[in-house]
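Listed below are the residues making up each chain.
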Amino acid sequence: MKNIYAAMILFALVGLLSMFNSTAQEYETWRFINIPDYHNAEGFSKNSPERAKRIADQTEQFKQMKERHGGELIIMPGDCNGGHWYRQKYLKPFKSNPEYKDFSTKQVILESSRLCYGGLWDIVHDGGYEHFLMAVGDHELGDNPWKKGSEVSKHISTFRQGFANTFTLDENGQSRFNENIGNAMPRPIGTVYEHTSNAVQYKNVLFVTLDMFRFDDKDKNLGSQGVINGDIDGEHMQWFESVLSEAQHISSIKHIVVQSHLPIIYPVRKYASSGMLVDKKESEKILNVLRKYKVDLYLAGEVHMNTVTRDAKSDLIQLVGRGNNLSNHTAVDVVQDKLLLNTYHENGEKLGRLTIDKSSDNKVIEGTGLLTPITPDGLQIHWSFDEQLDKSNYKSSVEGTFPQKGKHNPLLATIKHPGVYINDGGFNTDYSLICADVKQAKGVLGQAAQIEESSSLFVLPMGPMGEGYKRTLSCWVKTTAHGRRLILNSGSYWGQGQFFNLSINEGNLEVALRPEIVASTINQQINNGEWHCLTVVMPHDDAVLGELKLYIDGQLVNDKQCNNPDIKVNTSQASWMAIATQVETYKTDLAKTMNMQDYVGLLDDFNIWTRALSNDEVLQLYTEGLKGISALDIEKR
């Protein structure tokens, strides 16, 4: 059996090697499939009786995808598994198998890698796909974070070796990426990434796969994630640039596609993810290289939702995709002068289409549905509260139906008859508010939400606010409630990081990052039963609490007080949002720590921008709002 298995692997490897031999010929339209964050390969990592059945079942899924969507090459930008193979919770049952009882942690990681990745390799090829390009994700490195001195940080090189043994090395331990791109090496030889980053030309496309997890030393912290940071630098970057430079002179390369795990351009939609991105300080450096060499498409994953962004300074398209359980995968048709992208739910429904047309001097980029490009500094959230849908009239792109109760959306378990207030901002209807016990009343702009003590309103995806990025929040309120009243709760599901909460405290506008990090106006009377427009502006990236601008009815309030004004805003990347709703999911008990009660009153036209509005723009929100003109209408103008 071992000889048969080795022969099958060798046959597949020979097939992959053949894709290196590209000439300057014209090609008919061909297709590749993009599946980030597959995760389902974790079930192959243990040598159990269930493993063979899992492989058979998932092979059948790939066969069905092949039959439905075709394609000849699979791109997978990281996270095919869980990867917690160093943890005691994994080690103990793994080593209960007599075959592995004396294995060290390193040996367990390598054996788990062989089983997991070998199974994935088999289902892709046996499912009908000849070629397979896999990128390293955080789960291929044991999962983030990688704190200095932690157990996972001790095994980073072992995780990389386990990955390479299946995906980039042949049965003799030699690299399968040996064809130069012009005069550039096909991989960054001599670096720790020499077997996890690579470049290959397939037909008329240059594919560059990047290991975006910079690691200098197990005892050197690089950022908030510990000893690993989202970045490429030094010789790794020099290699990457040399490949892209050489590609400019190869006539048979018509398109350049780069895949890695981490998104570069902020913001992106996020769902049930830690939300790691390329380090903010390094993102512009990497983008400048992609711009310089006219990369057409950057494919990423990590955040488990789809977002298309056109770079503000070039024609580069970033597609952050989702591929969990083959749901929301993207089929890319390669034409001589076009890339045609279609994203599908596993139920067969087409979720969006994107065209990158290079047939003229001016590249034309058009998207529809889920693949409509967002504006990075645009209005991402706009809850008008003008219409409430019932669950039969709403479905998410993640579920393909109305969202189901589960570990990633425990708030759904708290309500029996959910309704929905649509988000028609740039982050689309996936960011609609699911609600219960909320009525409608006359608002300052159309209808408003009438919120009571029993009301619940929440969003299932995460973001758009994150880290120290600039932002603007605005809404209209009408209330007579006393005490400390929570309007927006943005607590983190994944940890104890900063939130960015909006509240009214005895008539004053208040912003809290933590219970002890608070900014508030003084001597205001927002709770006087009249309509008021509240706006909070974070004026630039990496601002501190004391720099936040608080506006009431379009006017900047200079009379404010701050606890810990010099603390930097650093909102959790995994923050969920809720309106007037406190639950255990959000980690911090605001009722206990801040004597916080939920907002009671009317709420209208709630907005979040991923840019800082100017004084004039804030004033316009108020004056135009009084005329019944919403923030969305102003943004469109």
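Residues numbered from 1 in each chain as written. Predicted model: local features only at pLDDT ≥ 70, side-chain atom pairs only at ≥ 80, totals over all residues. Heavy atoms only, no water.

Summarise the overall build of the protein; cite the residues concerned and give the values.
Within the protein one finds ten helices and 31 strands. What you see for the protein is a C-alpha radius of gyration of 26 Å, in line with the 26 Å of a compact globule of 637 residues. Each principal axis of the C-alpha atoms in the protein carries an extent, and together these give about 80 × 60 × 45 Å. Scored against the burial criterion, the 637 residues of the protein give a buried share of 61%. Taking all contacts inside the protein whose residues are at least 6 apart in sequence as the whole, residues at least 24 apart take part in 69%. Only carbon and sulfur atoms are counted for the fraction: they give 47% of the accessible area of the protein, which is about 24,600 Å². Considering the protein, the positive charge centre built from 65 side chains and the negative charge centre built from 78 side chains are found 3 Å apart. (Helix = DSSP H or I, 4+ residues; strand = E, 2+ residues; numbered from the N terminus. Rg over C-alpha atoms; globule rule 2.2 N^0.38 Å. Buried < 20%, exposed > 50% of the residue type's maximum accessible area, 1.4 Å probe, protein only. Contact = heavy atoms within 4.5 Å. Areas by Shrake-Rupley, 256 points an atom, 1.4 Å probe, with all protein chains shown as cover. Lys, Arg positive; Asp, Glu negative; His and termini not counted. Charge placed at Lys NZ, Arg CZ, Asp CG, Glu CD.)

Describe the environment of histidine 84, naming the residues involved and giving the relevant values.
Tracing the chain through its elements places histidine 84 in the loop between β2 (73–76) and α3 (88–94). In this structure the side chain of histidine 84 is engaged in a polar contact, spanning 3.3 Å, whose partner is the side chain of arginine 87. (Polar contact = N/O pair within 3.5 Å; in protein donor to acceptor, adjacent residues only side chain to side chain.)

Describe the packing of helix α4 (residues 105–126) against helix α5 (residues 156–167), listing the residues and the values that go with them.
Two numbers describe how α4 lies on α5: the axes approach to 9 Å, and their chain directions differ by 30°. Here α4 runs over α5; the crossing is right-handed. In this structure, α4 contributes Lys106, Ile109, Leu110, Ser113, Tyr117, Gly118, Leu120 and Trp121 to the contact, and α5 contributes Thr158, Phe159, Gln161, Gly162, Phe163, Asn165, Thr166 and Phe167. Grouping the constituent residues of the contact of α4 with α5 by class yields eight nonpolar, seven polar and one charged. (Axes fitted to C-alpha atoms, helices over the stretch in contact; angles between N-to-C directions. Left-handed = near helix turned anticlockwise from the far one by under 90°. Nonpolar A, V, L, I, M, F, W, Y, C, P; charged D, E, K, R; others polar.)

Break down the confidence of the model for the protein for me, with residues and values.
The pLDDT averaged across the protein works out to 93; a share of 96% of its residues lies at or above 70. Taken as a whole, residues 1–24 scores under 50 in pLDDT and shows 40 contacts with residues more than four places along the chain or in a different chain. (pLDDT = per-residue confidence, 0-100.)

So what's going on with the nonpolar core? Which residues, and what values?
Core analysis: the biggest nonpolar cluster contains 81 residues, and Leu120, Val208 and Phe240 have the highest contact counts within it. Looking at which element gives the most residues to this core, the answer is α4, with nine residues. Filtering out sequence-adjacent residues up to four positions away, leucine 120 remains in contact with Tyr38, Ala41, Phe44, Met76, Cys80, Phe132, Met134 and Phe167. (Core = buried A, V, L, I, M, F, W, Y, C linked by side-chain atoms within 4.5 Å.)

Which residues make up the pattern of salt bridges, and what values go with them?
Scanning the entire structure with this criterion turns up 32 salt bridges. Arginine 31 serves as the salt-bridge partner of aspartate 333, at 2.6 Å between the closest nitrogen and oxygen. In this pair, aspartate 333 is assigned in strand β12 (residues 329–335) and arginine 31 in strand β1 (residues 30–34), connecting sequence segments 302 residues apart. Side by side, aspartate 333 and arginine 31 carry an identical accessibility label, which is buried. Here glutamate 194 and arginine 187 are joined by a salt bridge, their closest N and O atoms 3.5 Å apart. Residue classification places glutamate 194 among the partly exposed residues on the basis of a relative accessible area of 23%. (Salt bridge = Lys/Arg side-chain N within 4 Å of Asp/Glu carboxyl O.)

I'd like to hear about unusual backbone geometry, residue by residue, with values.
Here asparagine 144 and proline 145 are connected by a cis peptide whose omega angle stands at 0°. Mapping proline 145 onto the fold places it in the loop between β3 (131–134) and α5. That bond from tyrosine 266 to proline 267 is cis: its omega, 0°, falls within 30 degrees of zero. As for its placement among the helices and strands, proline 267 is situated in the loop between β8 (255–259) and α7 (280–292). Residues other than glycine seldom take positive phi values, yet asparagine 523 does so here, at roughly 60°. Residue placement: asparagine 523 occurs in the loop between β24 (517–521) and β25 (532–538).

Report on helix α6 (residues 234–247), specifying residues and quantitative values.
A turn of α-helix holds 3.6 residues, and therefore any two residues three or four places apart point the same way. Counted at 1.5 Å a residue, the expected span for α6 with its 14 residues is 20 Å, and the 20 Å between its end C-alpha atoms agrees. Taken residue by residue, α6 has His236, Met237, Trp239, Phe240, Val243, Leu244 and Ala247 as its buried positions. All buried residues of α6 fall inside an arc of 160° around its axis, so they share one side. Pointing more than 90 degrees away from the buried face of α6 are the exposed residues Glu235 and Gln238. Check the buried side of α6 and you find it contacts β4 (198–202), β5 (205–209), β8 and α7. (Expected span 1.5 Å × (residues − 1). Arc of directions from axis to C-beta.)

Which residues make up the pairing of strand β20 (residues 471–478), and what are the values?
Counting buried positions along β20 gives seven out of eight residues, so the element sits mostly inside the fold. Pairing of β20 with β25, which is carried by seven bridges, proceeds in the antiparallel orientation. In the sheet register, leucine 473 faces β25, and the bridge partner there is valine 536. Strand direction decides the pairing type here: β20 and strand β31 (residues 601–609), joined by six bridges, are antiparallel. Residue pairing across strands places tryptophan 476 opposite aspartate 604, the latter belonging to β31. (Pairing = 2+ DSSP bridges.)

Break down the sheet that holds strand β13 (residues 338–344) for me, citing the residues and quoting the values.
The sheet built from seven strands is open, its strands ordered β3-β2-β1-β12-β13-β14-β15 with mixed pairing. Each of the sheet's edge strands pairs with one partner strand only, and the pair in question is β3 and β15 (364–369). Between one strand and the next, the sheet's axes are offset by a mean angle of 15°, whatever the strand orientation. Sheet topology note: the β13/strand β14 (residues 350–357) ladder contains seven bridges and is antiparallel. Each bridged residue has a counterpart across the sheet, and for leucine 339 the counterpart in β14 is isoleucine 356. Set on the sheet, helix α2 (residues 49–69) makes contact with β1, β2, β12 and β13; between it and β1 the angle comes to about 140°.

Let's hear about the sheet that holds strand β11 (residues 317–320): which residues, and what values?
Overall, mixed pairing links the six strands, which are arranged β4-β5-β8-β9-β11-β10 in an open sheet. Two strands bound the open sheet, and with one partner strand each, they are β4 and β10 (307–310). On average, each strand axis in the sheet is inclined to that of its neighbour by 20°, with strand direction left out of account. In this sheet, β11 lies alongside β10 in antiparallel orientation, the contact comprising four bridges. Across the sheet, residue threonine 309 finds its bridge partner in β11, namely glutamine 318. Against the sheet, α6 touches β4, β5 and β8, its axis set at about 180° to β5.

Go over α7 with me, naming the residues and quoting the values.
The end-to-end C-alpha distance of α7, which contains 13 residues, comes to 19 Å, matching closely the 18 Å that a straight helix rising 1.5 Å per residue would cover. Considered for burial, the residues of α7 that qualify are Lys280, Glu282, Ser283, Ile286, Leu287, Val289, Leu290 and Arg291. Contacts made by the buried residues of α7 are with α6, β8 and β9 (297–300). A distance of 3.0 Å separates the backbone nitrogen of lysine 281 from a side-chain oxygen at the start of α7, and that oxygen is part of aspartate 279.

Requested: an account of the packing of aromatic side chains, with residues and values cited.
The description of an aromatic ring pair uses the distance of the two centres, along with the angle that the planes make with each other. This model, assessed by the stated rule, comprises 24 aromatic pairs. Each ring, one from tyrosine 117 and one from phenylalanine 167, has its centre 5.0 Å from the other, and the planes form 55°; the classification is tilted. Of this pair, tyrosine 117 sits in helix α4 while phenylalanine 167 sits in helix α5, and the two are 50 residues apart along the sequence. Its relative accessible area of 0% is what places tyrosine 117 among the buried residues. A cation over an aromatic ring shows up here: arginine 269 above the ring of phenylalanine 427, its NZ or CZ 5.7 Å from the ring centre. Above the face of the phenylalanine 500 ring, arginine 471 is positioned so that its terminal group lies 4.6 Å from the ring centre. (Phe/Tyr/Trp six-rings, centres within 6.5 Å; stacked < 30°, edge-to-face > 60°. Lys NZ or Arg CZ within 6 Å of the ring centre and 35° of its normal.)

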